[in-house]
Amino acid sequence: MLARWVILMGYDMFRGFSDEQLEVSTAERGLAALIEVAERAVEKIGSSVPPAQLRALLIIDRAGSLNLNRLATQVGASASATSRLCDRMEVAGLLTRDRAEESRREIVLLLTESGRRLAGWVRDQRRAALAEMLQAMTPDGRDALVRGLGEVAPTPAELFHM
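Residues numbered from 1 in each chain as written. Predicted model: local features only at pLDDT ≥ 70, side-chain atom pairs only at ≥ 80, totals over all residues. Heavy atoms only, no water.

Undergrad: What is the right way to look at the pairing of strand E3 (residues 107-111) in this model?
TA: Looking along a regular strand, one sees side chains alternate from face to face of the sheet. Across two bridges, the pairing between strand E1 (residues 66-67) and E3 is antiparallel. Bridge assignment links Leu-66 to a residue of E3, and that residue is Leu-109. Examined bridge by bridge, strand E2 (residues 95-99) and E3 share five bridges and lie antiparallel to one another. By the bridge assignment for E3, Asp-98 is matched with Val-108. (Pairing = 2+ DSSP bridges. Helix = DSSP H or I, 4+ residues; strand = E, 2+ residues; numbered from the N terminus.)

Put into structure tokens, the structure is as follows:
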């Protein structure tokens, strides 16, 4: 049904696609638009904070504190690569390492005040850009997007207990 509608609307490039292929293609284009909005929102930072550091910064900020192995799991890197990433973030004044209160052998990663301010600024920029994008959508489209993203978004428990 969707495939026929797309062809009727003149999008010949989708000829021969199944409904499922069109849904995936449409979802991928929408995801690319969302990613672009999020990336464009923080372009003001420039190259002063590389994307990998920014991602780690936001993960740690969301968790409050995190040990190195959990962060490595979240960023999808080895513990040694994540440790080097944290070294660079520490030198930049974005995070500190401290001993965990529960286990003095465990090292936890904590954002500095500067790191927390930057994470907050990034989230504010992204939210403003996303709000602008949502305002340009129809109410039904906006509701569907928010509902769909809510279904795929991990819960806090899923994020930090991997």
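Anyway, onward from the coordinates.
Undergrad: Looking at this structure, I do not really get the layout of surface pockets. What am I missing?
TA: Sizing a probe to match a water molecule and rolling it over the atoms shows the empty space that remains. Of the volumes computed, that of the largest pocket is approximately 1,400 Å³. Along the wall of the largest pocket there are 32 residues; nearest its centre are Ile-35, Ala-38, Leu-58, Arg-62 and Arg-126. Mapped by element, the contributors of at least two residues to the lining of the largest pocket are helix H2 (19-41), helix H3 (51-63), helix H6 (113-135) and helix H7 (139-152). Per-class residue counts for the lining of the largest pocket are 22 nonpolar, three polar and seven charged. Lining of the second largest pocket is provided by Ala-27, Gly-30, Leu-31, Ala-33, Leu-34, Met-133, Met-137, Ala-144, Leu-145, Gly-148, Leu-149 and Val-152. Looking at the lining of the second largest pocket, the elements with two or more residues in it are H2 and H7. (1 Å grid on protein atoms, 1.4 Å probe; cavity = no way out; pocket = protein on both sides within 12 Å on 5 of 7 lines; lining within 4 Å. Points joined across faces, edges and corners; volume = space filled by probe spheres on them. Nonpolar A, V, L, I, M, F, W, Y, C, P; charged D, E, K, R; others polar.)

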